Amino acid sequence: MALPQIVSRQEWLIARKALLEKEKAMTRARDALNVERRMLPMVPIEKDYAFEGPKGKASLLDLFEGRRQLILGHFMFDPRWEKGCPGCSAGADEVSDGLLAHLHRRDTTYAAVSRAPIAKIEAYKAEKGWRFPWYSSFGSDFNYDFDVTIDERVKPATYNYKTREDHEKDGTGYYFQGEPPLEQPGTSFFLRDGDRIFHTYSTFGRGAEMFGGSYYWLDLTALGRQEEWEEPKGRAGFARSASPTFEN
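Cut-offs and rules
- The residue count restarts for each chain, going from 1 along the sequence in the order it is written.
- A pLDDT threshold of at least 70 governs which residues receive local features in this predicted model, and a stricter bar of 80 or more applies before side-chain atom pairs are shown or counted, although totals over entire chains, interfaces and linings include all residues.
- As a convention, hydrogens and water are excluded, and side-chain values are obtained from all of the structure's heavy atoms.
- Each helix corresponds to a stretch of at least 4 residues labelled H or I by DSSP, and each strand to a stretch of at least 2 residues labelled E; elements are numbered beginning at the N terminus.
- For this analysis, a polar contact is any N or O atom pair within 3.5 Å, provided that within protein one partner can donate a hydrogen and the other can accept it, and provided that sequence-adjacent residues contribute only side-chain to side-chain pairs.
- Contact criterion: two residues are considered in contact whenever any of their non-hydrogen atoms come within 4.5 Å of each other.
- In this description, a nonpolar core means a group of buried Ala, Val, Leu, Ile, Met, Phe, Trp, Tyr and Cys residues linked to one another through side-chain atoms lying within 4.5 Å.
- Each residue is placed in one exposure class: buried if its accessible area under a 1.4 Å probe, protein chains only, is under 20% of its type's maximum, exposed if it is over 50%, and partly exposed if it falls in between.
- At least two DSSP bridges between two strands are needed for those strands to be called paired.
- Ring pairs are drawn from Phe, Tyr and Trp, using the six-membered ring of Trp, whenever the two centres fall within 6.5 Å, and their geometry is named by plane angle: stacked under 30 degrees, edge-to-face over 60, tilted for the rest.
- Here, a charge over a ring means that NZ of Lys or CZ of Arg falls within 6 Å of the ring centre while also lying within 35 degrees of the ring normal.

## A few points about the side chain of Arg67
Here is step 1: Inspection of the secondary structure puts Arg67 in the loop between helix H2 (60-63) and strand E4 (69-74).
Here is step 2: A polar side-chain atom of Arg67 sits 2.8 Å from a polar atom in the side chain of Thr109.
Here is step 3: For Arg67, the residues in contact, after removing those within four places along its chain, are His104, Asp107, Thr108, Thr109 and Arg192.

## Thoughts on the nonpolar core
Here is step 1: Counting residues in each nonpolar core, the largest one holds 20 residues, and the members touching the most others are Phe75, Phe77, Tyr110, Trp130, Phe132 and Trp134.
Here is step 2: Those elements that provide at least two residues to this core are helix H3 (86-92), strand E5 (108-114) and helix H5 (118-128).
Here is step 3: Here this core gets three residues from one element, more than from any other, and that element is H5.
Here is step 4: In this structure Phe77 touches Glu82, Lys83, Gly84, Ser114, Arg115, Ala116, Lys120, Ile121, Tyr124 and Trp134, once residues within four positions along its chain are discounted.
Here is step 5: In this structure, Ile45, Leu70, Val113 and Phe142 belong to the second largest nonpolar core, which totals 16 residues.

## Describing unusual backbone geometry
Here is step 1: Between Pro180 and Pro181 the backbone carries a cis peptide bond, its omega angle lying at 0 degrees.
Here is step 2: Structurally, the position occupied by Pro181 is in the loop between helix H7 (164-170) and strand E10 (182-183).
Here is step 3: Residues Glu231 and Pro232 are joined by a peptide bond in cis, for which omega reads -5 degrees.
Here is step 4: Tracing the backbone shows Pro232 in the segment after helix H8 (214-218).
Here is step 5: Unusually for a residue other than glycine, Asp107 sits at a positive phi of about 60 degrees.
Here is step 6: According to the relative accessible area criterion, Asp107 is partly exposed, its value standing at 32%.
Here is step 7: Of note in this structure, Asn160 is not a glycine but carries a positive phi near 50 degrees.
Here is step 8: By the element assignment, Asn160 lies in the loop between strand E8 (158-159) and strand E9 (162-163).

## Some remarks on the pairing of E4
Side chains on a regular strand alternate between the two faces of the sheet.
Here is step 1: Across the six residues of E4, five count as buried, placing the element largely inside the fold.
Here is step 2: Alignment of E4 against strand E11 (residues 186-193), held across six bridges, turns out to be antiparallel. Paired with Leu72 across the two strands is Ser188, which belongs to E11.

## What about the pairing of strand E2 (residues 50-53)?
Here is step 1: Residues Phe51 and Gly53 line the buried face of E2, whereas the alternating positions Ala50 and Glu52 sit on a face that is not buried.
Here is step 2: As paired strands, E2 and strand E3 (residues 56-59) are joined by four bridges and run antiparallel to one another. Each residue of the ladder has a partner; that of Phe51, found in E3, is Ala58.
Here is step 3: Following E2, the chain reverses through two residues before pairing antiparallel with E3.

## Structural notes on the packing of aromatic side chains
Here is step 1: In this structure the tally under the stated criterion is 20 aromatic pairs.
Here is step 2: Seen in terms of ring centroids, Tyr124 and Trp134 are 6.4 Å apart; in terms of plane orientation they differ by 65 degrees. Their pairing is edge-to-face. Of this pair, Tyr124 sits in helix H5 while Trp134 sits in strand E6 (residues 134-136), placing them ten residues apart in sequence.
Here is step 3: Tyr124 gets classed as buried once you look at its relative accessible area, which sits at 6%.
Here is step 4: Judged by its relative accessible area of 1%, Trp134 is buried.
Here is step 5: Of the aromatic side chains, those joined through ring pairs into one cluster are Phe75, Phe77, Tyr110, Tyr124, Trp130, Phe132 and Trp134.
Here is step 6: Above the ring of Trp229, the side-chain terminus of Arg206 is found at 5.1 Å from the ring centroid.

See below:
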């Protein structure tokens, strides 16, 4: 393993202070980016989407649970599967009761949505011991409209605001590999004004890392995420693939 250079405390402090200036600049840049995100326009939701939860049918408005904001995790769970996506499951493992309570105090609800029927969702949720709300969009257009279920028989292929052709040019055509319909991850954000609902933001792919969790904790360690793409090489004894499943 290529471990960090060993230096004196004084040498370490000089290097740490130099890095601190870059960290402060990044914090200020992130604050500015957050302002731009909040300044984005919003789009009214005109379609009457139908979901199903453990208590029966639910509308998109119902998913807010009376709060002003709604964060919906697009959890990959194809109706043909018996279990949810391992990567989405790893992220769901980190949705704690404390996180939900803190969001609720700021008038925000978190829930997950998948195309799998509610019976499969409930069985998998019980197996994993999760407590966050999770709804089925089975039979609705919701996943297709938000470009997390990709099927060119339904609409042109788009993911993370790029077409299939764009992704193939950028070397990310793997998003469209496999037998359709294809499930992809993402998170969408909504704002309620009375009974009117607006879509304010969606993020896909590595955008999920903005939610913190284990990755952001590991980014602060000497060994990092211990994945094969990271620099410097050889830092971890075993370089894992860039997979968010945390299975190794």
